[in-house]
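Take a look at the letters that make up each chain.
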Amino acid sequence: RAYPASTTKLMTCLLVLEAIEYGQLSLDTQVTAGDTTYQGLTGNFSTANLKVGEVLTVEELLYCLMLPSGNEVANVLAAAVDGSIEDFVAHMNRRAGELGCKGTHFTNAHGMHDENHYTTAYDLALIMQACLEHEQFTTVTRTPKHIVPATNMSKERELYNTNGLVSSWTYGGYLYDKCIGGKTGSTDAAGRCLVAAAEDGDQVLISVILGSGPMSVPGEEKLKQGQFRESERLLEYGFSNFHRVTIPQGDEPVDKVEVTMSRQADEVNVKPQGSITRTLPKSMDLNDIETKITLY
């Protein structure tokens, strides 16, 4: 169990993208920041500087949510999807269960610290996997810089991605050309966190780093941001040591099945249909795979 900080916004983003998929919202839907925009937000927190009464499209709000990690934007989108923040949080927990998350409980849509707001690295990977099914997610989260057009209450805004793997604006020296998106997070209790995805050929890998911080590297005087350095190392380890493999099923019949109501035969030969593709170690000998076929 760990605190997710703003990696929470992966679930917030997912529910917005699913609302778009189901026709409840569209990227062009105009949303007004309501009275609950700053509900539960005190002290220092990441913001896109929205004003109550300001009107933005869902698309622009997604950029405000995922690049500068605007906490108030999470509240605005929560109300747009479910009518209230409370109903949206219940939606988050319900969806987490549907995705197979067994160690996650949300109390808010943005990730501000709460003892009862927690997750696990594995659960975040499941949520990230669901996010990657939506093209708009990678379009937004791999963007280094985005300009939000002027609104009814604000001049044009420049947004910069806090993910050092795709943008050097906040943290320099960590750009990783295989990164296709992700989400940062940071609180005192959570440490520095990063959920990232990278693509190499036809292989996409997800990494999750929680509870990191500045770290020393042999031969370098300056401390490194562990969440970025270790994410790249972890992803490169995956690409170097694992690959996608299609396991052949063979064309020979493997058994016979009795049939009824046939004038031609009492039984038919059967064989497996399709193929099985898995991520396996490159060092593994495919000849060592044992096949067991069960008839239902």
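Just so you know, the residues in each chain are numbered from 1, in the order the chain's sequence is written. Only residues with pLDDT of at least 70 get local features here, since the model is predicted, and only at 80 or more are side-chain atom pairs given and counted; chain-wide, interface and lining totals rely on the full set of residues. The side-chain numbers reported here are obtained from all heavy atoms of the structure, hydrogens and water having been left aside.

Draft legend 1. Summary view of the packing of aromatic side chains. A pair of Phe, Tyr and Trp rings is counted when the ring centres sit within 6.5 Å of each other, with Trp represented by its six-membered ring. The angle between the planes then sorts it: under 30 degrees is stacked, over 60 is edge-to-face, the rest tilted. For the coordinates displayed, the defined rule picks out five aromatic pairs. On the basis of an interplanar angle of 55° and a centroid distance of 6.3 Å, the ring pair of Tyr-38 and Phe-45 is categorised as tilted. Exposure categories follow from relative accessible area, calculated using a 1.4 Å probe and restricted to protein chains: below 20% of the type maximum is buried, above 50% is exposed, and the middle band is partly exposed. The exposure class assigned to Tyr-38 is partly exposed, which follows from its relative accessible area of 31%. Exposure remark for Phe-45: the relative accessible area of 24% places this residue in the partly exposed category. Centroid distance Tyr-174 to Phe-228: 5.4 Å. Interplanar angle 45°. Geometry classified as tilted. Placement of the pair is Tyr-174 in the loop between strand 4 (157-160) and strand 5 (179-187) and Phe-228 in helix 7 (residues 226-241), with a sequence separation of 54 residues. With a relative accessible area of 1%, Phe-228 lands in the buried category. Taken together, Tyr-171, Tyr-174 and Phe-228 form an aromatic cluster joined through their ring pairs. Only DSSP runs of H or I with at least four residues qualify as helices, and only runs of E with at least two residues qualify as strands; both kinds are numbered from the N terminus onward.

Draft legend 2. Focus on helix 1 (residues 9-21). Any helix carries an expected span of 1.5 Å times its number of residues minus one. Taking 1.5 Å of rise per residue, the 13 residues of helix 1 would be expected to cover 18 Å, and the 18 Å separating its terminal C-alpha atoms lies within 8% of that figure. Across the 13 residues of helix 1, eleven count as buried, placing the element largely inside the fold. Of all the residues in helix 1, the buried ones are Lys-9, Leu-10, Met-11, Thr-12, Cys-13, Leu-14, Leu-15, Val-16, Leu-17, Glu-18 and Ala-19. Following helix 1 by one or two positions, Gly-23 has its phi on the positive side, about 85°.

Draft legend 3. Representation of the packing of helix 1 against helix 2 (residues 58-66). Lines fitted to the C-alpha atoms define the axes, with helices restricted to the stretch that makes contact. Angles between their N-to-C directions range from 0 to 180 degrees. At a closest axis distance of 11 Å, the pairing of helix 1 and helix 2 adopts a crossing angle of 165°. Relative to helix 2, the element helix 1 is oriented roughly antiparallel. With respect to the hand of their crossing, helix 1 and helix 2 are arranged in left-handed fashion. Here Lys-9, Leu-10, Thr-12, Cys-13, Val-16, Leu-17 and Ile-20 of helix 1 come into contact with helix 2, specifically with Val-58, Leu-62, Leu-65 and Met-66. Side-chain classes are defined by residue name, with Ala, Val, Leu, Ile, Met, Phe, Trp, Tyr, Cys and Pro counting as nonpolar, Asp, Glu, Lys and Arg as charged, and the others, Gly among them, as polar. Among the residues forming the contact of helix 1 with helix 2, the class breakdown is nine nonpolar, one polar and one charged. Comment on the angle field: the value is read as roughly parallel under 35 degrees, roughly antiparallel over 145, roughly perpendicular from 65 to 115, and oblique elsewhere. Each crossing is labelled by how the near helix is turned from the far one, with a counterclockwise turn of less than a right angle marking it left-handed and a clockwise turn marking it right-handed. Contacts are residue-level and defined by heavy atoms, with any inter-residue pair within 4.5 Å sufficient.

Draft legend 4. Representation of a nonpolar patch on the surface. Here a patch means residues that are over 30% exposed by relative accessible area and free of salt bridges, tied together within 9 Å if like-charged and within 5 Å if nonpolar (Val, Leu, Ile, Met, Phe, Trp, Tyr). Computed with the Shrake-Rupley method and a 1.4 Å probe, the accessible areas treat only the protein chains shown as cover for residues. The salt bridge definition used is simple: a Lys or Arg side-chain nitrogen within 4 Å of an Asp or Glu carboxyl oxygen. On the surface, a nonpolar cluster with roughly 400 Å² of combined accessible area is contributed by Val-254, Val-257, Val-259, Val-268, Ile-293 and Leu-295. As for its placement among the helices and strands, Leu-295 is situated in the segment after strand 13 (276-281).

Draft legend 5. Structural context of the sheet that holds strand 7 (residues 203-212). Pairing between two strands requires that DSSP report at least two bridges joining them. Spatial ordering of the open sheet is given by 5-6-7, a layout of three strands whose pairing is antiparallel. Strands with a single pairing partner mark the edges of an open sheet, and in this sheet they are strand 5 and strand 7. Here the strands of the sheet are splayed against their neighbours by 5° on average, with no regard to which way each runs. Here eight bridges tie strand 6 (residues 191-200) to strand 7, and the two strands are oriented antiparallel to one another. Counted as the bridge partner of Val-195 is Val-208 from strand 7. Contacts from helix 5 (residues 121-131) reach strand 5, strand 6 and strand 7, with the element oriented near 140° to strand 7.

Draft legend 6. A look at helix 3 (residues 71-82). Over its twelve residues, helix 3 runs 17 Å from end to end, which matches the ideal 16 Å to within 8%, given 1.5 Å per residue. Buried residues dominate helix 3, accounting for nine of its twelve residues. Asn-71, Glu-72, Val-73, Ala-74, Asn-75, Val-76, Leu-77, Ala-78 and Val-81 are the residues of helix 3 that are buried. Contacts from the buried residues of helix 3 go to helix 1, strand 1 (30-32), helix 2 and helix 4 (85-98).

Draft legend 7. How the structure looks around the pattern of salt bridges. Counted by the stated rule, this structure contains nine salt bridges. The partner of Glu-236 in a salt bridge is Lys-178, and the shortest N-O contact between them spans 2.9 Å. Taken together, the residues span a long stretch of sequence, with Glu-236 in helix 7 and Lys-178 in the loop between strand 4 and strand 5 at a distance of 58 residues. Taking relative accessible area as the criterion, Glu-236 reaches 26% and is therefore assigned partly exposed. Close ionic contact of Arg-229 with Glu-230 constitutes a salt bridge, the shortest N to O distance being 2.7 Å. Look at Arg-229 and you get partly exposed, because its relative accessible area is 25%. The class for Glu-230 is partly exposed, based on a relative accessible area of 23%. Salt bridges here are not isolated pairs; linked through shared partners, they connect Glu-18, Arg-95 and Glu-98.

Any functional reading would require information that these geometric values do not contain.
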